[in-house]
Amino acid sequence: MQGEITVSDDVSLEGLQEELEDCKYDDEIANILSRGTKLREYAKGVENNVRQVELDAIQEYIKESDNLVLLHDQIRDCDNILSQMESLLSGFQAEIGSISSDIRSLQEKSMDMGLKLKNRKTAESKLSKFVEDIIVPPRMIDIIFDSEVNDEYLKTLEMLSKKLNFVEDDSMIKASKALKDVQPELERLRQKSVSKVFEFMVQKLYALRRPKTNIQILQQNVLLKYKYVILFLKEHGKDIYTEVRTAYIDTMNKVLSAHFRVYMQAMEKMQLDIASSTDLIGIETRSTGIFSRARETIKNRSSVFSLGERINILKEIDQPALIPHIAEANSQKYPYEVLFRSLHKLLIDTATSEYLFCDAFFGEDSIFYEIFAGPFAVIDEHFNTVLPNCYDAIGIMLMIRIVHQHQLIMFRRRIPCLDAYLDKVNISLWPRFKMIFDMHLNSLRYANLKSLWEDDVHPHYVMRRYAEFTASLVHLNVEYGDGQLDLNLERLRMAVEDLLSKLAKMFAKPKLQTIFLINNYDMTISILKEAGAEGGKMQLHFEDLLKNNIAIYVEELLLEHFSELIKFVKTRASEEMSSSTEKSSASDVELLVKDFAIRWRSAIELMHKDVITSFSNFLCGMEILKAALTQLLLYYTRLSESVKKIATGSVMNKDLVSISSILYEIKKYSRTF
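Residues numbered from 1 in each chain as written. Predicted model: local features only at pLDDT ≥ 70, side-chain atom pairs only at ≥ 80, totals over all residues. Heavy atoms only, no water.

Q: Explain the overall build of the protein to me, and be specific about the residues and the numbers.
A: For the protein, the helix and strand inventory stands at 27 helices and zero strands. For the protein, with 673 residues in total, the buried portion stands at 39%. Carbon together with sulfur atoms contributes 55% to the accessible area of the protein, which is approximately 39,800 Å² in total. (Helix = DSSP H or I, 4+ residues; strand = E, 2+ residues; numbered from the N terminus. Buried < 20%, exposed > 50% of the residue type's maximum accessible area, 1.4 Å probe, protein only. Areas by Shrake-Rupley, 256 points an atom, 1.4 Å probe, with all protein chains shown as cover.)

Printed below as a string of structure tokens:
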């Protein structure tokens, strides 16, 4: 049957189905099958084509045979050349391997030699340093034993100190044989140097005790040059250092104590006594006899209560201390606060210098407090003698402010050594001030009115004392704002007001009482104003009192000269007039108008004279007179209005004084007062 496939026995059809499946989607096979071509014929055609291609290739190869032979020869020649190069490179490779081995060997030897060299240098350096540190040069021995203490000696001491520290610090060095040979010599040098510098320092300290020695110059220019001596003794001669330290403390303690004692004795001769226990606000002036006070105290009596130029001491806070012999030569006397400032200026400058020197020279500031125990005791003794006999409250307040300023100076210098001392002084001053202040307060509370009263309406000396005293303390409290002081001043004000009221009541006439109060209030305000804007609240209080009393006085003055007019205005001018009283009212008003027209100018003149004689302060008197005349004008204006309301008032117009005339008179007195 055509198309039937015959299968021989030796042909395996295994896997045929899979191959057919794989060829199922092949485009070429699909194309053959679609044309209906038999596969055997197609395969035979392909085989013929392949044979033809093979024959063509053979012919092509035969044609190119000569070229191929030439190519073969060239390849053989190249192969020979490459074989020679391979042999040459193999030789090079062997030689390079040998050189690399040599280089590696040399590198190892170099590293070994470098390490040995480094170790030898390290050993040499350490050994050299050891020898240098432990050996004692002959020159060092000569300088330590034979030379004077100078700059070269100090450098030698530094070298010796390094050697001593070197042999003491390292335990390995202590075990070395070299140390056993050198140590006795080092110890001998240490003992000699310690002994020598001790004698040297003792001589320098003795120089501090010589009279008229400038201690600060000696410290800065001489002792500080040898501060290494102290450091050397601290490290290598502690017992000797303690002796030098003790000797310096003892020397400076005695020198400074004597210095301050002599200075304070000289200042005592320059002291100007300002106040005694009887110099109080409420004590009657005549109670202290002229012979009971020193001449200079009488001369400066006003300084007891008034600050005056004494305030300048706070502006001169950083001025140099007084030189006693110059002041004595000029026979000058000073209030104690001036001497106090001078003493403490000397103290803070001396303390600053000594504190800095002790820190730089000894390296410990505790020495300062041991040195100044003596000077502090001397100053305390002086202060404890002066303070119980001081009754100058303003002077003590000035001293309190001086202490505060000195504390600020020490703070700016960053020197804390006087903090405790200045606090102690401040603490001792405040109770004394409070005690004296209470004495002034009690002198007002328990004042003897009979001895204080004077039949005089002008300002009383007690009130002047009070005003000056208060203004002084207020001024000294401006920058400090001490609330306790303000409370005490308030207590003092209440006491003086009570005393002033009692003194005023001793005048028989109310008018005189009012004049007395006005004069005193006005004087107090004037003094408080002199202290500047600091018067503040207290000044306002007295201004209110003055205003109230001026109003009372104006009424009293007008009643004295125009009583009927004022009575009419106050009782009848404000009433609506009825027909039953119109006739009598008209007659009363007519009498008032005529009376005023006749004597108003003379009455104003009397008022003018009264004011001039009554008030000490012309400006205050002028204001009072202007107030009185203005009030009079107001009363008269109301009288004029009453006249207009009366039916027959036109008859009185000829007797009415014009308002312009009264105003002219007021202006005239305002200009001439």
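Q: Any chance you could break down unusual backbone geometry for me, citing the residues and the numbers?
A: Leaving glycine out, the prevailing phi sign among residues is negative, and the prevailing peptide bond configuration is trans. Of note in this structure, Arg-414 is not a glycine but carries a positive phi near 60°. Here Arg-414 shows up in the loop between helix H18 (393–413) and helix H19 (419–445).

Q: An account of the packing of aromatic side chains is needed here, citing residue identities and associated values.
A: In this structure the tally under the stated criterion is 24 aromatic pairs. With 4.1 Å between their ring centres and 20° between their planes, Phe-596 and Tyr-636 make a pair best called stacked. Here Tyr-636 lies in helix H26 (residues 618–645) and Phe-596 lies in helix H25 (residues 579–614), a separation of 40 residues in the sequence. Tyr-636 shares its class with Phe-596; the two are buried. Counting every residue linked through ring pairs, the aromatic cluster contains Tyr-355, Phe-368, Tyr-369, Phe-372, Phe-376 and Tyr-421. Taking NZ or CZ as reference, Arg-401 lies 4.0 Å from the ring centre of Tyr-480, over its face. The residue whose ring lies beneath Arg-432 is Tyr-391, and the NZ or CZ to ring-centre distance is 4.9 Å. (Phe/Tyr/Trp six-rings, centres within 6.5 Å; stacked < 30°, edge-to-face > 60°. Lys NZ or Arg CZ within 6 Å of the ring centre and 35° of its normal.)

Q: Any details on the environment of Ser-443? Residues and values, ideally.
A: Of note, Ser-443 is situated in helix H19. Take Ser-443: its relative accessible area is 7%, and that puts it in the buried class. Residues Ser-443 and Leu-280 lie 163 residues apart in sequence; the distance between their C-alpha atoms is 6.5 Å. Ignoring anything within four residues of it in the chain, the contact list for Ser-443 reads Leu-280, Ile-281, Gly-282 and Ile-283. (Contact = heavy atoms within 4.5 Å.)

Q: Could you give an account of the pattern of salt bridges, with specific residues and numbers?
A: Tallied over the full model, the rule gives 23 salt bridges. In this structure, the salt-bridge partner of Asp-73 is Arg-76, at a minimum N-O distance of 3.1 Å. With Asp-73 and Arg-76 both in helix H4 (residues 65–134) and three residues apart, the pair spans about one turn of that helix. Its relative accessible area of 28% is what places Asp-73 among the partly exposed residues. With a relative accessible area of 40%, Arg-76 lands in the partly exposed category. Linking Glu-337 and Arg-310 is a salt bridge whose minimum nitrogen-to-oxygen distance equals 2.8 Å. Placement of Glu-337 in helix H15 (residues 336–361) and of Arg-310 in the loop between helix H12 (295–299) and helix H13 (312–315) is noted, with a sequence separation of 27 residues between them. Under the relative-accessibility criterion, Glu-337 is labelled buried at 1%. Taking the relative accessible area as the measure of exposure, Arg-310 reaches 9% and is therefore buried. Because the salt bridges share partners, they merge into one network encompassing Asp-318, Lys-345, Asp-349 and Arg-413. (Salt bridge = Lys/Arg side-chain N within 4 Å of Asp/Glu carboxyl O.)

Q: Describe H18, naming the residues involved and giving the relevant values.
A: Taking 1.5 Å as the rise per residue, H18 with 21 residues should run 30 Å; its terminal C-alpha atoms sit 30 Å apart, in good agreement. Taking burial as the measure, the 21 residues of H18 include 15 buried ones, the bulk of the element. (Expected span 1.5 Å × (residues − 1).)

Q: Lay out the nonpolar core with the relevant residues and their values.
A: Residues Tyr-248, Leu-418 and Leu-429 are the most contacted members of the largest nonpolar core, which totals 178 residues. Counting residues per element, this core draws most heavily on helix H24 (residues 536–571), at 14 residues. Every residue in contact with Leu-418, bar those within four places of it in the chain, is listed here: Leu-347, Ile-348, Ala-351, Phe-368, Phe-376 and Met-410. (Core = buried A, V, L, I, M, F, W, Y, C linked by side-chain atoms within 4.5 Å.)

Q: Summarise the packing of helix H17 (residues 373–386) against H19; cite the residues concerned and give the values.
A: Packed helices, taken two at a time, are described by the angle between their axes plus the distance between the axes. Relative to each other, H17 and H19 sit at 10°, their axes nearing to 13 Å. With respect to H19, the element H17 is oriented roughly parallel. Taken together, the residues of H19 that come into contact with H17 (itself represented by Phe-376, Ile-379, Asp-380 and Phe-383) are Tyr-421, Lys-424, Val-425, Ser-428 and Leu-429. (Axes fitted to C-alpha atoms, helices over the stretch in contact; angles between N-to-C directions. Parallel < 35°, antiparallel > 145°, perpendicular 65-115°, else oblique.)

Q: Which residues make up a nonpolar patch on the surface, and what values do they have?
A: The grouping of Tyr-61, Leu-68, Leu-71 and Ile-75 at the surface amounts to a nonpolar patch, some 400 Å² of accessible area in total. Considering each element in turn, the nonpolar patch owes the most residues, three residues, to H4. Position of Ile-75 relative to the elements: it lies in helix H4. (Patch = residues over 30% accessible without salt bridge, like charges linked within 9 Å, V, L, I, M, F, W, Y side chains within 5 Å.)

Q: Could you give an account of the side chain of Asp-482, naming the residues involved and the relevant values?
A: Note that Asp-482 resides in the loop between helix H21 (461–476) and helix H22 (483–504). Salt bridges are absent for the buried Asp-482, whose nearest opposite-charge side chain, Arg-401, sits at 5.1 Å. Within polar-contact distance, the side chain of Asp-482 engages the backbone nitrogen of Gln-484 at 3.0 Å. Leaving out residues up to four positions away in the same chain, Asp-482 has contacts with Arg-401, Trp-430 and Asn-477. (Lys, Arg positive; Asp, Glu negative; His and termini not counted. Polar contact = N/O pair within 3.5 Å; in protein donor to acceptor, adjacent residues only side chain to side chain.)

Q: An account of the side chain of Glu-284 is needed here, citing residue identities and associated values.
A: Within the secondary structure layout, Glu-284 lies in the loop between helix H11 (238–268) and H12. For Glu-284, a relative accessible area of 11% puts it in the buried group.

Q: Lay out the environment of Leu-452 with the relevant residues and their values.
A: Here Leu-452 shows up in helix H20 (residues 449–452). The exposure class assigned to Leu-452 is buried, which follows from its relative accessible area of 0%. With sequence-adjacent residues up to four places away left out, Leu-452 is seen in contact with Gly-282, Ile-283, Glu-284, Ala-447, His-460, Tyr-461, Val-462, Leu-499 and Leu-503.

Q: Break down the packing of H15 against H19 for me, with residues and values.
A: Close contact between H15 and H19 brings their axes to 13 Å; oriented N to C, the two are set at 165°. Accordingly, the angle class assigned to the pair H15 and H19 is roughly antiparallel. When the axes of H15 and H19 are compared, the crossing they make is right-handed. Counted together, Phe-340, His-344 and Leu-347 of H15 and Tyr-421, Leu-422, Val-425 and Leu-429 of H19 form the full contact between these two elements. (Left-handed = near helix turned anticlockwise from the far one by under 90°.)

Q: Describe in detail the confidence of the model for the protein, supporting the description with residues and values.
A: Per-chain confidence: the protein averages 82 in pLDDT, with 86% of residues scoring 70 or above. Per-element confidence in the protein ranges from a low mean pLDDT of 40 for H12 to a high of 95 for H19. Within the model, pLDDT remains below 50 along residues 576–584, and this stretch shows three contacts once partners closer than five positions in the same chain are excluded. (pLDDT = per-residue confidence, 0-100.)

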